[in-house]
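The residues making up each chain are set out below.
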2 protein chains.
Amino acid sequence: MRPTRQRTAVVEAMTSFDDFRSAQDIHDLLGRGTTPVGLATVYRTLNALVEAGEVDMLRTEDGEAIYRRCSETHHHHLVCRECGATIEVEGPAVERWTRTIAAEHGYSDVAHTLEIFGTCAACRRA
Amino acid sequence: MRPTRQRTAVVEAMTSFDDFRSAQDIHDLLGRGTTPVGLATVYRTLNALVEAGEVDMLRTEDGEAIYRRCSETHHHHLVCRECGATIEVEGPAVERWTRTIAAEHGYSDVAHTLEIFGTCAACRRA
DNA sequence: CCCATTTTGACAACGATTCTCAGCAAAGCG
DNA sequence: CGCTTTGCTGAGAATCGTTGTCAAAATGGG
Ligand SMILES: [Zn+2]
Ligand SMILES: [Zn+2]
Ligand SMILES: [Zn+2]
Ligand SMILES: [Zn+2]
(Lines give C-alpha, C1' and ligand atoms only; values in the text may rest on other atoms or scores of the structure.)
(Ligands and ions follow the chains in the order given, each with its own letter.)
Protein backbone atom coordinates (compact mmCIF):
# COMPACT_ATOMS: atom_id res chain seq x y z
CA MET A 1 0.00 0.00 0.00
CA ARG A 2 1.50 3.26 -1.14
CA PRO A 3 1.74 6.18 1.27
CA THR A 4 -0.10 8.73 -0.82
CA ARG A 5 -0.97 12.31 0.00
CA GLN A 6 -4.63 11.37 0.37
CA ARG A 7 -4.05 8.48 2.73
CA THR A 8 -1.83 10.57 4.93
CA ALA A 9 -4.49 13.26 5.03
CA VAL A 10 -7.18 10.80 6.11
CA VAL A 11 -4.96 9.29 8.80
CA GLU A 12 -4.14 12.73 10.14
CA ALA A 13 -7.78 13.76 10.08
CA MET A 14 -8.58 10.71 12.19
CA THR A 15 -6.15 11.88 14.86
CA SER A 16 -7.73 15.32 15.01
CA PHE A 17 -10.90 14.34 16.83
CA ASP A 18 -11.85 11.97 19.60
CA ASP A 19 -15.43 10.99 18.86
CA PHE A 20 -17.02 8.73 16.27
CA ARG A 21 -17.71 10.42 12.93
CA SER A 22 -19.23 9.41 9.61
CA ALA A 23 -17.27 9.13 6.37
CA GLN A 24 -19.14 12.14 5.06
CA ASP A 25 -18.12 14.20 8.10
CA ILE A 26 -14.50 13.24 7.58
CA HIS A 27 -14.75 14.07 3.89
CA ASP A 28 -16.15 17.50 4.79
CA LEU A 29 -13.40 18.04 7.35
CA LEU A 30 -10.76 17.30 4.70
CA GLY A 31 -12.53 19.54 2.21
CA ARG A 32 -12.09 22.51 4.51
CA GLY A 33 -8.37 21.76 4.93
CA THR A 34 -5.41 21.98 2.60
CA THR A 35 -5.78 18.51 1.13
CA PRO A 36 -9.25 17.69 -0.16
CA VAL A 37 -9.82 13.98 -0.73
CA GLY A 38 -12.51 12.42 -2.90
CA LEU A 39 -15.36 10.76 -1.09
CA ALA A 40 -14.69 7.37 -2.68
CA THR A 41 -11.10 7.56 -1.51
CA VAL A 42 -12.21 8.46 2.00
CA TYR A 43 -14.37 5.35 2.06
CA ARG A 44 -11.62 3.16 0.61
CA THR A 45 -9.07 4.45 3.07
CA LEU A 46 -11.36 4.12 6.08
CA ASN A 47 -12.23 0.56 5.12
CA ALA A 48 -8.55 -0.25 4.80
CA LEU A 49 -7.83 1.29 8.18
CA VAL A 50 -10.65 -0.68 9.75
CA GLU A 51 -9.34 -3.83 8.08
CA ALA A 52 -5.90 -3.06 9.47
CA GLY A 53 -7.33 -2.52 12.94
CA GLU A 54 -6.17 1.07 13.12
CA VAL A 55 -9.67 2.50 13.16
CA ASP A 56 -12.85 1.27 14.81
CA MET A 57 -16.15 1.32 12.96
CA LEU A 58 -19.56 0.94 14.48
CA ARG A 59 -23.08 1.64 13.36
CA THR A 60 -25.54 4.17 14.65
CA GLU A 61 -29.09 3.14 15.44
CA ASP A 62 -30.08 4.00 11.89
CA GLY A 63 -27.31 1.96 10.32
CA GLU A 64 -24.77 4.61 9.36
CA ALA A 65 -21.13 3.68 9.76
CA ILE A 66 -19.09 5.91 12.05
CA TYR A 67 -15.34 5.80 12.59
CA ARG A 68 -12.82 6.60 15.31
CA ARG A 69 -9.12 6.15 15.78
CA CYS A 70 -8.72 3.81 18.74
CA SER A 71 -6.05 1.83 20.50
CA GLU A 72 -5.17 -1.34 18.65
CA THR A 73 -6.06 -3.82 21.34
CA HIS A 74 -9.55 -5.30 21.29
CA HIS A 75 -11.96 -3.17 23.29
CA HIS A 76 -15.48 -1.83 23.40
CA HIS A 77 -17.00 1.62 23.87
CA LEU A 78 -18.88 3.58 26.45
CA VAL A 79 -20.47 6.35 24.41
CA CYS A 80 -22.40 9.41 25.55
CA ARG A 81 -25.57 9.57 23.52
CA GLU A 82 -25.69 13.35 23.85
CA CYS A 83 -22.18 14.55 22.99
CA GLY A 84 -20.53 11.39 21.65
CA ALA A 85 -17.77 11.41 24.27
CA THR A 86 -16.24 7.94 24.08
CA ILE A 87 -14.37 5.85 26.62
CA GLU A 88 -12.69 2.62 25.59
CA VAL A 89 -13.42 -0.28 27.92
CA GLU A 90 -12.11 -3.82 28.19
CA GLY A 91 -13.84 -6.85 29.60
CA PRO A 92 -11.83 -10.06 29.54
CA ALA A 93 -14.70 -11.89 31.19
CA VAL A 94 -17.06 -10.84 28.41
CA GLU A 95 -14.58 -11.98 25.77
CA ARG A 96 -14.37 -15.39 27.41
CA TRP A 97 -18.12 -15.57 27.79
CA THR A 98 -18.86 -14.89 24.11
CA ARG A 99 -16.34 -17.50 22.97
CA THR A 100 -17.78 -20.07 25.36
CA ILE A 101 -21.39 -19.41 24.32
CA ALA A 102 -20.52 -19.66 20.62
CA ALA A 103 -18.54 -22.85 21.08
CA GLU A 104 -21.29 -24.46 23.16
CA HIS A 105 -23.68 -24.00 20.25
CA GLY A 106 -21.28 -25.04 17.52
CA TYR A 107 -20.85 -21.59 15.94
CA SER A 108 -17.46 -20.92 14.39
CA ASP A 109 -15.78 -17.82 13.00
CA VAL A 110 -17.09 -15.83 15.90
CA ALA A 111 -17.24 -12.04 16.22
CA HIS A 112 -19.17 -9.83 18.55
CA THR A 113 -20.35 -6.28 18.96
CA LEU A 114 -20.82 -4.63 22.34
CA GLU A 115 -21.46 -0.97 22.96
CA ILE A 116 -22.64 0.80 26.08
CA PHE A 117 -24.65 3.99 25.68
CA GLY A 118 -25.33 6.47 28.44
CA THR A 119 -25.38 10.14 29.32
CA CYS A 120 -22.07 11.41 30.59
CA ALA A 121 -21.71 13.51 33.74
CA ALA A 122 -21.17 16.74 31.80
CA CYS A 123 -24.28 16.25 29.68
CA ARG A 124 -26.43 15.28 32.64
CA ARG A 125 -25.65 18.61 34.29
CA ALA A 126 -26.43 20.59 31.13
CA MET B 1 -53.70 1.73 15.88
CA ARG B 2 -56.25 -0.15 13.81
CA PRO B 3 -56.06 -3.93 13.55
CA THR B 4 -55.98 -4.19 9.79
CA ARG B 5 -55.67 -7.23 7.59
CA GLN B 6 -52.11 -6.23 6.69
CA ARG B 7 -50.92 -5.76 10.26
CA THR B 8 -52.36 -9.08 11.30
CA ALA B 9 -50.61 -10.73 8.38
CA VAL B 10 -47.25 -9.25 9.35
CA VAL B 11 -47.64 -10.25 13.00
CA GLU B 12 -48.54 -13.79 11.98
CA ALA B 13 -45.65 -13.95 9.56
CA MET B 14 -43.32 -13.02 12.41
CA THR B 15 -44.49 -16.04 14.38
CA SER B 16 -43.87 -18.38 11.46
CA PHE B 17 -40.08 -18.38 11.57
CA ASP B 18 -37.43 -18.44 14.21
CA ASP B 19 -34.50 -16.60 12.67
CA PHE B 20 -33.74 -12.96 11.98
CA ARG B 21 -35.02 -11.83 8.60
CA SER B 22 -34.91 -8.65 6.59
CA ALA B 23 -38.01 -6.61 5.78
CA GLN B 24 -37.60 -7.67 2.15
CA ASP B 25 -37.60 -11.33 3.14
CA ILE B 26 -40.77 -10.87 5.16
CA HIS B 27 -42.37 -9.01 2.27
CA ASP B 28 -41.50 -11.89 -0.06
CA LEU B 29 -42.89 -14.40 2.43
CA LEU B 30 -46.18 -12.52 2.59
CA GLY B 31 -46.24 -12.22 -1.18
CA ARG B 32 -46.29 -15.98 -1.54
CA GLY B 33 -49.14 -16.31 0.97
CA THR B 34 -52.80 -15.39 0.84
CA THR B 35 -52.35 -11.80 2.03
CA PRO B 36 -49.72 -9.84 0.15
CA VAL B 37 -48.63 -6.67 1.93
CA GLY B 38 -46.90 -3.71 0.35
CA LEU B 39 -43.26 -3.23 1.17
CA ALA B 40 -43.83 0.20 2.70
CA THR B 41 -46.47 -1.26 4.99
CA VAL B 42 -44.15 -4.07 6.01
CA TYR B 43 -41.56 -1.50 7.02
CA ARG B 44 -44.11 0.63 8.85
CA THR B 45 -45.52 -2.33 10.74
CA LEU B 46 -42.14 -3.73 11.69
CA ASN B 47 -41.03 -0.35 13.02
CA ALA B 48 -44.18 -0.13 15.10
CA LEU B 49 -43.65 -3.62 16.48
CA VAL B 50 -40.06 -2.81 17.39
CA GLU B 51 -41.24 0.38 19.06
CA ALA B 52 -43.78 -1.66 21.02
CA GLY B 53 -41.10 -4.14 22.09
CA GLU B 54 -42.82 -7.07 20.41
CA VAL B 55 -40.07 -7.59 17.86
CA ASP B 56 -36.30 -7.33 18.15
CA MET B 57 -34.34 -5.53 15.45
CA LEU B 58 -30.64 -5.67 14.95
CA ARG B 59 -28.21 -4.87 12.17
CA THR B 60 -26.07 -7.22 10.15
CA GLU B 61 -22.39 -6.47 9.75
CA ASP B 62 -23.18 -4.58 6.57
CA GLY B 63 -25.88 -2.46 8.15
CA GLU B 64 -29.07 -4.16 7.03
CA ALA B 65 -31.90 -4.29 9.57
CA ILE B 66 -33.18 -7.76 10.45
CA TYR B 67 -36.17 -8.65 12.60
CA ARG B 68 -37.29 -11.46 14.86
CA ARG B 69 -40.06 -12.15 17.33
CA CYS B 70 -38.33 -12.84 20.65
CA SER B 71 -39.09 -13.56 24.26
CA GLU B 72 -39.92 -10.52 26.33
CA THR B 73 -37.16 -10.80 28.90
CA HIS B 74 -33.89 -8.98 28.30
CA HIS B 75 -31.53 -11.11 26.27
CA HIS B 76 -28.93 -11.06 23.52
CA HIS B 77 -28.39 -13.08 20.35
CA LEU B 78 -26.05 -15.61 18.88
CA VAL B 79 -26.72 -15.24 15.16
CA CYS B 80 -25.51 -17.21 12.13
CA ARG B 81 -24.28 -14.68 9.60
CA GLU B 82 -25.12 -17.07 6.75
CA CYS B 83 -28.63 -18.31 7.49
CA GLY B 84 -29.75 -16.16 10.40
CA ALA B 85 -30.30 -19.07 12.79
CA THR B 86 -30.59 -17.44 16.19
CA ILE B 87 -30.13 -18.53 19.78
CA GLU B 88 -31.18 -16.24 22.60
CA VAL B 89 -28.56 -15.96 25.32
CA GLU B 90 -28.48 -14.39 28.73
CA GLY B 91 -25.46 -13.17 30.62
CA PRO B 92 -26.17 -11.80 34.08
CA ALA B 93 -22.47 -11.14 34.55
CA VAL B 94 -22.39 -9.01 31.42
CA GLU B 95 -25.41 -7.06 32.57
CA ARG B 96 -23.71 -6.34 35.89
CA TRP B 97 -20.45 -5.45 34.17
CA THR B 98 -22.00 -2.87 31.86
CA ARG B 99 -23.75 -1.19 34.78
CA THR B 100 -20.54 -1.08 36.79
CA ILE B 101 -18.45 0.33 33.95
CA ALA B 102 -20.98 3.05 33.24
CA ALA B 103 -21.27 3.99 36.90
CA GLU B 104 -17.49 4.13 37.31
CA HIS B 105 -17.30 6.74 34.58
CA GLY B 106 -20.28 8.73 35.73
CA TYR B 107 -22.57 7.76 32.85
CA SER B 108 -26.25 7.53 33.70
CA ASP B 109 -29.29 6.27 31.84
CA VAL B 110 -27.37 3.28 30.60
CA ALA B 111 -28.30 0.93 27.77
CA HIS B 112 -26.24 -1.58 25.82
CA THR B 113 -26.18 -3.62 22.67
CA LEU B 114 -24.47 -7.00 22.44
CA GLU B 115 -24.67 -9.48 19.62
CA ILE B 116 -22.54 -12.48 18.79
CA PHE B 117 -22.13 -13.40 15.12
CA GLY B 118 -20.77 -16.67 13.82
CA THR B 119 -21.32 -19.41 11.29
CA CYS B 120 -23.55 -22.18 12.56
CA ALA B 121 -22.67 -25.85 12.28
CA ALA B 122 -25.12 -26.42 9.42
CA CYS B 123 -23.76 -23.56 7.35
CA ARG B 124 -20.14 -24.47 7.97
CA ARG B 125 -20.77 -27.88 6.42
CA ALA B 126 -22.54 -26.42 3.38
C1' DC C 1 13.38 9.43 -17.72
C1' DC C 2 10.17 5.22 -18.99
C1' DC C 3 7.22 1.93 -18.05
C1' DA C 4 4.26 -1.06 -15.26
C1' DT C 5 1.40 -0.75 -11.52
C1' DT C 6 -1.42 1.49 -8.20
C1' DT C 7 -4.35 5.14 -6.86
C1' DT C 8 -7.54 8.70 -7.52
C1' DG C 9 -12.09 10.96 -8.11
C1' DA C 10 -16.10 12.52 -10.73
C1' DC C 11 -19.89 10.25 -11.67
C1' DA C 12 -23.00 6.44 -12.20
C1' DA C 13 -25.03 2.64 -10.05
C1' DC C 14 -26.86 0.23 -6.19
C1' DG C 15 -29.75 -1.24 -2.33
C1' DA C 16 -32.17 -0.43 1.81
C1' DT C 17 -35.35 2.61 3.65
C1' DT C 18 -38.57 6.42 3.64
C1' DC C 19 -41.73 9.66 1.43
C1' DT C 20 -45.82 10.93 -1.40
C1' DC C 21 -50.46 11.09 -2.10
C1' DA C 22 -54.55 9.46 -4.20
C1' DG C 23 -57.48 5.79 -3.31
C1' DC C 24 -59.29 2.51 0.18
C1' DA C 25 -61.03 0.70 4.53
C1' DA C 26 -62.43 0.97 9.28
C1' DA C 27 -64.92 3.05 13.03
C1' DG C 28 -68.54 6.19 14.70
C1' DC C 29 -72.99 8.02 14.16
C1' DG C 30 -77.81 8.60 13.39
C1' DC D 1 -77.57 0.65 6.73
C1' DG D 2 -75.81 5.45 4.28
C1' DC D 3 -72.70 8.90 5.33
C1' DT D 4 -68.60 11.02 7.15
C1' DT D 5 -64.36 11.24 9.06
C1' DT D 6 -60.11 9.59 9.84
C1' DG D 7 -56.46 6.41 9.54
C1' DC D 8 -54.18 2.97 6.46
C1' DT D 9 -52.33 1.24 2.20
C1' DG D 10 -49.18 0.70 -1.72
C1' DA D 11 -47.01 1.72 -6.23
C1' DG D 12 -43.71 4.41 -7.44
C1' DA D 13 -40.56 8.24 -6.67
C1' DA D 14 -37.17 10.11 -3.77
C1' DT D 15 -33.43 9.78 -0.44
C1' DC D 16 -29.08 8.56 1.19
C1' DG D 17 -25.05 5.93 2.48
C1' DT D 18 -22.04 3.21 0.08
C1' DT D 19 -19.69 0.88 -3.70
C1' DG D 20 -18.47 0.28 -8.69
C1' DT D 21 -16.49 2.31 -13.07
C1' DC D 22 -12.76 3.79 -15.68
C1' DA D 23 -9.87 7.25 -17.69
C1' DA D 24 -6.47 10.22 -15.97
C1' DA D 25 -2.86 10.97 -12.66
C1' DA D 26 0.61 9.57 -9.40
C1' DT D 27 4.07 6.45 -7.86
C1' DG D 28 8.29 3.86 -7.67
C1' DG D 29 11.66 0.68 -9.73
C1' DG D 30 14.87 0.06 -13.29
ZN1 LIG E 1 -12.54 1.73 19.77
ZN1 LIG F 1 -14.93 -7.88 22.84
ZN1 LIG G 1 -26.37 -20.99 9.67
ZN1 LIG H 1 -27.99 -7.17 28.18
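Within the element layout of this structure, E115 of chain A appears in strand β6 (residues 108–119). Nearest to the buried, unbridged E115 of chain A among oppositely charged side chains is R68 of chain A, at 9.4 Å. Side-chain polar atoms of E115 of chain A contact the side chain of H77 of chain A, separated by 3.0 Å. With sequence-adjacent residues up to four places away left out, E115 of chain A is seen in contact with L58 and H77 of chain A together with A111, H112 and T113 of chain B.

This part covers a negative patch on the surface. A cluster of like negative charges, contributed by D25, D28, E61, D62 and E64 of chain A, occupies part of the molecular surface. Tracing the backbone shows D28 of chain A in helix α2 (residues 23–31).

Glancing now at unusual backbone geometry. The bulk of non-glycine residues show a negative phi, and the bulk of peptide bonds are trans. Residue and element names in this part refer to chain A. In this model, D109 sits at a positive phi of 60°, which is unusual for a non-glycine residue. Tracing the backbone shows D109 in strand β6. D109 sits in the exposed class, given a relative accessible area of 59%.

Moving on, we come to the protein's contact with DNA strand D. Near DNA strand D you find 21 residues, and of these Y43 and A65 of chain A together with T4, T41 and R44 of chain B are the closest. Among the atoms of DNA strand D close to the protein, meaning within 4 Å, 66% are from sugar or phosphate groups. Measuring from a phosphate oxygen of DNA strand D, one finds a backbone N or O atom of G38 of chain B at 3.0 Å. Within the side chain of T41 of chain B, an N or O atom sits 2.9 Å from a phosphate oxygen of DNA strand D.

Residues and elements named next belong to chain A. Those donors, H74 (NE2), H76 (NE2), E95 (OE), E95 (OE) and H112 (NE2), are the protein atoms that reach the zinc ion (ligand 2), and they lie 1.9 to 2.5 Å from it. Within one chain, the residues serving as donors to the zinc ion (ligand 2) are arranged as H-x1-H-x18-E-x16-H. Taken together, the residues E95 in helix α4 (residues 92–104) and H112 in strand β6 connect sequence positions 17 residues apart. Side by side, E95 and H112 carry an identical accessibility label, which is buried.

We now examine the packing of aromatic side chains. This model, assessed by the stated rule, comprises zero aromatic pairs over all chains. Sitting over the ring of F17 of chain A, R21 of chain A keeps its end group 4.3 Å from the ring centre.

In this section: the packing of helix α1 (residues 5–14) of chain A against α2 of chain A. Residue and element names in this part refer to chain A. For the pair α1 and α2, the least separation of the axes is 10 Å and the interaxial angle reads 110°. With respect to each other, α1 and α2 are oriented roughly perpendicular. Counting all contacts with α1, which are made through A9, V10, A13 and M14, the residues of α2 involved are I26, L29 and L30. When its residues are assigned to classes, the contact of α1 with α2 shows seven nonpolar, no polar and no charged.

Next up on the list: the relation of the copies chain A and chain B. Laying chain A over chain B is done by rotating through 180° and shifting 0.0 Å along the axis; what remains is an RMSD of 1.4 Å. On this basis, the relationship between the two copies can be described by a two-fold rotation axis. The fraction of interface residues of chain A whose copies in chain B are also interface residues reaches 100%, indicating that both copies meet through the same surface.

Thresholds applied
- Residues numbered from 1 in each chain as written.
- Chains lettered and ligands numbered in written order.
- Predicted model: local features only at pLDDT ≥ 70, side-chain atom pairs only at ≥ 80, totals over all residues.
- Heavy atoms only, no water.
- Helix = DSSP H or I, 4+ residues; strand = E, 2+ residues; numbered from the N terminus.
- Buried < 20%, exposed > 50% of the residue type's maximum accessible area, 1.4 Å probe, protein only.
- Lys, Arg positive; Asp, Glu negative; His and termini not counted.
- Salt bridge = Lys/Arg side-chain N within 4 Å of Asp/Glu carboxyl O.
- Polar contact = N/O pair within 3.5 Å; in protein donor to acceptor, adjacent residues only side chain to side chain.
- Contact = heavy atoms within 4.5 Å.
- Patch = residues over 30% accessible without salt bridge, like charges linked within 9 Å, V, L, I, M, F, W, Y side chains within 5 Å.
- Areas by Shrake-Rupley, 256 points an atom, 1.4 Å probe, with all protein chains shown as cover.
- Charge placed at Lys NZ, Arg CZ, Asp CG, Glu CD.
- Near = heavy atom within 4 Å.
- Donors = N, O, S within 2.8 Å, 3.2 Å for Na, K, Ca; no water.
- Phe/Tyr/Trp six-rings, centres within 6.5 Å; stacked < 30°, edge-to-face > 60°.
- Lys NZ or Arg CZ within 6 Å of the ring centre and 35° of its normal.
- Axes fitted to C-alpha atoms, helices over the stretch in contact; angles between N-to-C directions.
- Parallel < 35°, antiparallel > 145°, perpendicular 65-115°, else oblique.
- Nonpolar A, V, L, I, M, F, W, Y, C, P; charged D, E, K, R; others polar.
- Least-squares fit on C-alpha atoms with pLDDT ≥ 70 in both.

Everything listed here is a matter of geometry and, on its own, says nothing about what the molecule does.
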